[in-house]
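# Structure at a glance
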Amino acid sequence: MNHLLTMSGLTLNEIENILHEAEQFSEGNSWKVDHQMFVANMFFEHSTRTRNSFEVAEKKLGLEVLNFYAESSSVQKGETLYDTVRTLESIGINGVVIRHHENNFYQELVGKINIPIINAGAGTGEHPTQCLLDLLTIKQEFQTFKDLNVAIVGDISHSRVAHSNYDALTRLGANVVFSGPNEWQDNTGKFISMDEAVREADVLMLLRIQHERHAGQMGNSKEEYHQAYGLTIEREKTMKKHSIIMHPAPVNRGVEIADELVECDRSRIFKQMQNGVFARMAVLKRAFETQKINELTVQL
Amino acid sequence: MNHLLTMSGLTLNEIENILHEAEQFSEGNSWKVDHQMFVANMFFEHSTRTRNSFEVAEKKLGLEVLNFYAESSSVQKGETLYDTVRTLESIGINGVVIRHHENNFYQELVGKINIPIINAGAGTGEHPTQCLLDLLTIKQEFQTFKDLNVAIVGDISHSRVAHSNYDALTRLGANVVFSGPNEWQDNTGKFISMDEAVREADVLMLLRIQHERHAGQMGNSKEEYHQAYGLTIEREKTMKKHSIIMHPAPVNRGVEIADELVECDRSRIFKQMQNGVFARMAVLKRAFETQKINELTVQL
Amino acid sequence: MNHLLTMSGLTLNEIENILHEAEQFSEGNSWKVDHQMFVANMFFEHSTRTRNSFEVAEKKLGLEVLNFYAESSSVQKGETLYDTVRTLESIGINGVVIRHHENNFYQELVGKINIPIINAGAGTGEHPTQCLLDLLTIKQEFQTFKDLNVAIVGDISHSRVAHSNYDALTRLGANVVFSGPNEWQDNTGKFISMDEAVREADVLMLLRIQHERHAGQMGNSKEEYHQAYGLTIEREKTMKKHSIIMHPAPVNRGVEIADELVECDRSRIFKQMQNGVFARMAVLKRAFETQKINELTVQL
């Protein structure tokens with residue numbers, strides 16, 4: 001069963017295979033399922049880019065897409081996630097893409113559900129397809145991860161992006177450091193000052209300030225955050241010539257990054273979104289291509 | 001016009017034809033519309049399994065699916081159901097699937113709307129596709145309905161499943177009895193004790209406690225309900241060897257049925273969901289296959 | 001870039017070309033995109049007929065449809081419209097259909113977004129596809145617009161339909177006048193009494209009382225409005241023999257128009273909805289058919 005649950009659960013070899021497949025899709029390769037197959041997108045948290053990115057990827061692979069919105073479903077009636085997914089499996093869904101507010105939502109599913117599960121963002125835990133699209137973007141730029149300096153800036157402790165990326169990039173040979181306010185540090189890796197991070201990074205990865213997660217708790221105002229930990233116009237000038245800017249988006253313009261820099265030459269922010277489709281196509285192909293026999297077994 | 005509004009509106013012959021078609025779909029038969037046709041799913045109440053089951057069935061038949069969510073529609077502007085459906089007919093929709101909180105929602109439509117209407121659950125009235133999938137599940141198990149003992153347990157008075165099933169199963173020759181708390185009885189049929197129901201039934205059909213319908217009114221706590229009217233581990237041991245357990249789901253684990261029994265050998269709960277797709281394919285085929293001439297008339 | 005933003009931005013020649021194409025679709029012509037293309041429907045306000053009408057039109061053209069609901073998207077996280085649309089462009093969407101509460105929502109997009117934008121209703125400003133379907137309905141009836149008397153009745157000052165139609169019909173040679181309560185007049189054109197409007201009009205175009213826009217502000221009760229400015233059964237009898245009734249819907253039965261007249265012989269209300277699909281097909285074809293080269297450029 002080719003789930004995609006966490007980056008740490010993938011071997012380096014598996015990561016490289018997915019990135020290779022994604023690169024091929026980015027170069028115009030196509031692949032379609034050879035019979036009618038169904039995927040359900042289950043989003044228990046708001047999302048624009050991830051949900052739509054998955055839907056485009058799914059339709060490019062020829063999958064039939066069911067969109068499941070938590071707010072108009074029986075989850076409102078108190079049904080467990082296991083029973084909901086088991087239901088979808090029973091009605092013939094061949095795979096599920098799930099965004100959920102719990103870090104380990106998939107633990108009640110794995111081993112009991114016989115269709116692949118793709119993690120589209122789990123609480124403050126992992127967000128592996130975001131990580132894979134980040135890796136794809138970095139690989140397109142530098143061809144290798146070995147000895148690259150990657151600085152991740154922002155609310156590290158609550159960021160699923162930070163955790164997935166730290167794990168994968170470190171294993172791939174990059175030097176990953178963090179920056180950001182003290183209260184958002186955790187013990188994952190080394191913290192450095194923002195000015196140093198900007199100067200030294202080949203890849204400067206800014207995280208979104210998730211107002212919706214800590215409404216009102218933020219010690220600094222937006223402008224204060226921007227001056228202390230944002231990529232200001234002044235700081236950008238200290239970046240190395242070939243360094244790139246990344247951000248998982250949605251961007252808070254003028255907070256994590258100056259408005260004028262969002263689409264500057266070294267920004268890869270919208271490129272990341274484009275790559276998101278290719279990375280998800282690779283993940284979905286991996287999950288669905290081996291399924292023909294399983295599916296027939298269930299049918300008959 | 002091949003609507004599906006109520007079970008009582010179908011002759012025995014029509015029921016048998018639908019079940020026969022559904023069985024053929026369950027054995028792997030396929031059928032597709034031969035030109036582009038549109039169906040709209042209009043759900044005015046929350047639903048996971050029914051809505052998704054219809055959508056899978058529709059896509060297996062090659063229909064184009066429009067999902068209509070009451071909360072983001074002009075129904076918010078006070079439009080009548082008639083005007084909404086008439087609108088969908090005008091824009092070229094070839095059939096509508098409707099779940100509605102009113103028992104007789106279809107009465108303002110029938111005879112005035114020229115596209116088939118499929119009842120996907122009407123208030124506390126009927127839920128004919130649930131009944132058809134239940135019948136299919138029983139038929140697969142016992143080949144006949146004649147003289148089968150069927151016990152339906154729970155909130156009979158508010159259950160559209162109970163009403164549809166009582167009517168159809170009785171006409172098909174089964175002996176249908178009820179069990180459950182006194183305050184949820186109505187005058188539809190004979191009530192017996194839970195222990196007797198469990199011992200005597202060939203088909204033990206548990207109904208969902210609909211907390212959302214009578215929040216706070218429930219005299220017993222969940223655990224008390226389970227002891228009094230639930231299928232406990234002890235009661236299950238008194239069932240006949242070949243008896244089966246059914247439940248329309250979503251299940252309240254530990255209330256209507258012990259958690260451990262939901263997927264036991266004699267449970268057909270997830271089988272029912274699988275059959276739901278086949279039953280709905282049969283109902284949709286019946287509604288759409290005769291429509292070619294109508295549709296062309298409207299178009300030209 | 002073949003956007004559709006306003007009627008006033010279209011030349012008479014462009015309007016005639018769109019109407020010609022729409023008429024051909026109404027006569028059974030078909031056209032499909034020749035490779036997989038994606039459209040996103042972004043509705044920031046409630047809608048039944050416009051949204052579903054676009055979706056049917058899109059699917060008739062063979063487009064892949066993504067439905068974007070503002071309430072379950074990152075717009076909730078404060079993202080700008082520009083960033084949201086730029087995201088959709090990045091993930092490979094080939095065009096967007098947008099309904100928005102701001103009159104000039106498209107100004108932050110045009111010139112910066114490289115995919116066509118179709119205005120599906122903008123605040124109290126324009127609603128060009130509604131206008132085009134109205135024009136198509138009038139043209140089917142009278143073959144010409146020259147010297148036709150068109151009376152538009154209701155809340156002129158808040159009506160995007162009134163503004164789009166006044167501009168286009170006047171340019172096409174029709175005489176357009178208004179009627180309705182004093183407080184809803186603006187300085188767009190000439191106001192006359194309701195009785196005169198009904199007697200003189202070839203096309204009597206009733207506007208919806210938008211309770212949701214001015215809840216509680218309405219000076220008259222519904223019945224008083226009906227007597228003063230509604231098409232009552234008595235007034236209808238004073239209409240010219242060949243005059244027709246139009247309404248953009250949803251209709252408030254018994255307010256703008258007597259219940260019994262909604263589907264009378266001279267009503268074109270549901271015909272307008274049918275024409276909406278054809279008008280939108282023409283607009284979408286115009287937007288998507290020139291896109292092949294652009295799209296390939298983005299892909300490669």
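As the structure is a prediction and not an experimental result, all values here were calculated from the model.

Attention now goes to the side chain of B:T137. Residue and element names in this part refer to chain B. Looking at the element boundaries, T137 is found in helix α4 (residues 128-142). Among the polar contacts made by the side chain of T137, one reaches the side chain of N275 at a distance of 2.9 Å. The contact partners of T137, leaving out residues within four places of it in the chain, are M246, R268, K271, Q272 and N275.

Below, the discussion takes up the pattern of salt bridges. Side chains bearing opposite charge may pair, as long as their charged atoms lie close to each other. Here the structure, examined in full by the defined rule, presents 52 salt bridges over all chains. Between A:E289 and A:K285 there is a salt bridge, with the nearest N and O atoms lying 3.8 Å from each other. On the accessibility criterion, A:E289 (41% relative accessible area) is partly exposed. Classification of A:K285 by relative accessible area gives buried; the value is 12%. Salt bridges linked by common partners bring B:D83, B:R86, B:E89, C:R253, C:D259 and C:E263 together as one network.

For the rest of this paragraph, the subject is the confidence of the model for chain A. Mean pLDDT for chain A: 91, with 91% of residues reaching 70 or above. This model gives residues 293-300 of chain A a pLDDT under 50, and the stretch forms 7 contacts once residues within four places in sequence are excluded.

Quick look at the domain arrangement of chain A now. Residue and element names in this part refer to chain A. If you check the domain split of chain A, you get domain 1 (12-127 + 275-299) and domain 2 (128-268). With centres defined by C-alpha atoms, the gap from domain 1 to domain 2 works out at 27 Å. Surface buried jointly by domain 1 and domain 2 totals about 2200 Å² across both partners, of which 60% is contributed by carbon and sulfur atoms. Summed over the shared surface of domain 1 and domain 2, the number is 2 salt bridges. Taken together, the connections running from domain 1 to domain 2 amount to 12 residue pairs in polar contact (both at pLDDT 80 or more). Taken together, the elements giving at least two residues each to the side of domain 1 that touches domain 2 come down to α1 (12-26), α2 (49-60), β3 (95-100), β4 (117-122) and α9 (269-288). With 8 residues, the single largest contributor to the side of domain 1 that touches domain 2 is α1. Looking at the side of domain 1 that touches domain 2, its residues break down into 11 nonpolar, 10 polar and 7 charged.

Right, let's get into the pairing of strand β1 (residues 38-43) of chain A. All names here are of chain A. Among the 6 residues in β1, 6 count as buried, and that is most of the element. Side chains F38, A40 and M42 of β1 all project onto a buried face; the interleaved residues V39, N41 and F43 project onto the opposite face, where all are buried too. Two strands pair when backbone bridges link them, and β1 and strand β2 (residues 64-69) are joined in this way by 6 bridges, in the parallel orientation. Looking at the pairing, M42 lines up with F68 of β2. Handedness of the β-α-β unit built from β1, α2 and β2 comes out right-handed. For β1 and β3, the ladder comprises 5 bridges, and the chain directions are parallel.

Bringing the layout of surface pockets into the picture now. If you add up the space inside the largest pocket, you get close to 770 Å³. Lining the largest pocket are 31 residues, with A:K59, A:E64, B:K59, B:E64 and C:K59 sitting closest to its centre. Secondary-structure elements contributing two or more residues to the lining of the largest pocket are α2 and β2 of chain A, α2 (49-60) and β2 (64-69) of chain B together with α2 (49-60) and β2 (64-69) of chain C. The residue inventory of the lining of the largest pocket, partitioned by class, reads 11 nonpolar, 9 polar and 11 charged.

Cut-offs applied
- Residue numbering note: each chain is counted from 1, following its sequence as written.
- Each chain takes a letter, starting from A, and each ligand takes a number, starting from 1, following the order in which they are written.
- In keeping with the predicted nature of the model, local features appear solely for residues at pLDDT of at least 70, side-chain atom pairs appear and are counted solely at 80 or more, and the whole-chain, interface and lining totals rest on all residues.
- Calculated side-chain values reflect all of the structure's heavy atoms, with hydrogen atoms and water omitted.
- Helix and strand labels come from DSSP, where a helix needs a run of H or I of at least four residues and a strand needs a run of E of at least two; each type is numbered from the N terminus.
- Distance and chemistry together define a polar contact, namely a pair of N or O atoms within 3.5 Å, with one atom able to donate a hydrogen and the other to accept it when in protein, and with adjacent residues in sequence counting only for side-chain atoms on both sides.
- The contact rule is simple, with two residues in contact once any of their heavy atoms fall within 4.5 Å.
- In the sections that follow, a salt bridge refers to a side-chain nitrogen of Lys or Arg positioned within 4 Å of a carboxyl oxygen of Asp or Glu.
- We call a residue buried when its accessible area falls under 20% of the maximum for its residue type, exposed when it is over 50%, and partly exposed in between, using a 1.4 Å probe and counting protein chains only.
- A residue's pLDDT is simply how confident the predictor is in it, with values from 0 to 100.
- Residue ranges labeled as domains rest on an automatic or database domain assignment.
- Throughout, the accessible surface (probe 1.4 Å) given up by two parts as they are put together, summed over both, is called the buried area.
- Gly is placed with the polar residues, together with every amino acid not listed as nonpolar (Ala, Val, Leu, Ile, Met, Phe, Trp, Tyr, Cys and Pro) or charged (Asp, Glu, Lys and Arg).
- For two strands to be treated as a pair, DSSP must find at least two bridges joining them.
- Orient the strands so they point away from the viewer; a crossover is then right-handed if the path from the first strand over the helix to the second runs clockwise.
- With a 1 Å grid spanning the protein atoms alone, the term cavity applies to any set of points in which a 1.4 Å probe fits but cannot get out, the term pocket to an open set with protein on both sides within 12 Å along at least five of seven lines, and the term lining residue to any residue with an atom within 4 Å of a point.
- Grid points are joined across faces, edges and corners, and a volume is the space filled by probe spheres set on the points.

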